Amino acid sequence: MSMLLAWIPFLEPMHFMQPLWYLLSVPLLIGIAMVHKALRVPQSGTWLRASSIMTAQALLGLIALTLVLAAVVYGIVPSLH
Amino acid sequence: MTRTDHSSRSTSPAAHPGLAVIIGWVLPGAGHMLLGQRRRGIRIMIGMAVLIVLGVLIGGVDAVDSVRDRLWYFAQLGAGPIVILIDVLNQKVARAMPAPEVYQTMGLGHINAIGTLYIALAGLMNIVVLLDLFRTRGEEGPARRRGDKSQGLYT
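These numbers come from a predicted model, not from an experiment. (Residues numbered from 1 in each chain as written. Chains lettered and ligands numbered in written order. Predicted model: local features only at pLDDT ≥ 70, side-chain atom pairs only at ≥ 80, totals over all residues. Heavy atoms only, no water.)

How should I be thinking about a nonpolar patch on the surface in this particular structure?
Residue and element names in this part refer to chain A. Together, Val 68, Val 72, Val 73, Tyr 74, Ile 76, Val 77 and Leu 80 line one region of the surface with nonpolar side chains, adding up to about 710 Å² of accessible area. Residue placement: Val 72 occurs in helix H3 (residues 47–79). Looking at Val 72, the relative accessible area reads 33%, which means it is partly exposed. (Patch = residues over 30% accessible without salt bridge, like charges linked within 9 Å, V, L, I, M, F, W, Y side chains within 5 Å. Areas by Shrake-Rupley, 256 points an atom, 1.4 Å probe, with all protein chains shown as cover. Salt bridge = Lys/Arg side-chain N within 4 Å of Asp/Glu carboxyl O. Helix = DSSP H or I, 4+ residues; strand = E, 2+ residues; numbered from the N terminus. Buried < 20%, exposed > 50% of the residue type's maximum accessible area, 1.4 Å probe, protein only.)

When you look at the environment of Ile 44 of chain B in this model, what are you seeing that I'm missing?
Tracing the sequence through the fold places Ile 44 of chain B in helix H3 (residues 38–59). Taking C-alpha positions, Ile 44 of chain B is 25 Å from Asn 112 of chain B, a pair spaced 68 residues apart along the chain. Apart from the residues lying within four places of it in its own chain, the contact partners of Ile 44 of chain B are Val 35, Ala 38 and Leu 39 of chain A together with Pro 28, Gly 29, His 32 and Val 129 of chain B. (Contact = heavy atoms within 4.5 Å.)

Got a minute to help me understand the side chain of Ser 66 of chain B in this structure?
All names here are of chain B. With respect to the helices, strands and loops of the structure, Ser 66 is situated in the loop between H3 and helix H4 (70–76). Among the polar contacts made by the side chain of Ser 66, one reaches the side chain of Asp 87 at a distance of 2.7 Å. Contact partners of Ser 66, with chain neighbours within four places excluded, come to Tyr 73, Asp 87 and Gln 91. (Polar contact = N/O pair within 3.5 Å; in protein donor to acceptor, adjacent residues only side chain to side chain.)

Help me understand the interface of chain B and chain A in this model?
How large an interface is tends to be reported as the accessible area lost when its parts come together. Tallying the contact residues gives 50 residues for chain B and 34 residues for chain A. Taking both partners together, chain B and chain A bury about 3,900 Å²; carbon and sulfur atoms supply 64% of that area. Run the count over chain B and chain A and you get 0 salt bridges. The tally of links between chain B and chain A comes to 14 residue pairs in polar contact (both at pLDDT 80 or more). Secondary structure elements with two or more residues in the side of chain B that touches chain A: H3 and helix H7 (109–132) of chain B. (Buried area = accessible area lost by both parts, 1.4 Å probe.)

So far we have only geometry, and geometry alone does not tell us how the molecule works.
This is the structure in structure tokens:
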């Protein structure tokens, strides 16, 4: 809490988010999806909806990759010893 | 029901893709607006602003560092002169602070990496946006975005 109060936005990094750094990938996916869909969706198309769907798809893909890698590291690799 | 966007129909007679690329680098999204795609340009601006503002918010001014993260800086440069401005602020203001304060402005670990990544991806995405200007002529319709299905929801 004291780290948050001492934080100067845009000058100092958000070190208080260090333990939860993986949550910061969500806004990153949102930003990438917004720019990508701005190019792909016709101007009369539903840009925000398309961006939301792409963000959800990418997020689900990341979670699935995490689960697969966790299964390999904690399940398969220890059983090889 | 199909909505029509009248702003997309007109192409500025003075608009040239080369000029639009320069304008689009200086202000991401402005190149498309110059070629008559106002709505697309605004959407690109919003997306790029999300990436750049959040990158600096997360990583501080140290998210852009032309000295210690030179290769990342090259990728970040695609986002325009704002990156140069942030780097100047980092080198001239943050790094010039006295010893106890300067350490607080330095990014460490995951936070520095993610802040840097946000702005690097903004730069790389803007290069894609700039390349798109060469196939943009202001017209809209199925031929303009042929790969889209169902208004581009699943592409």
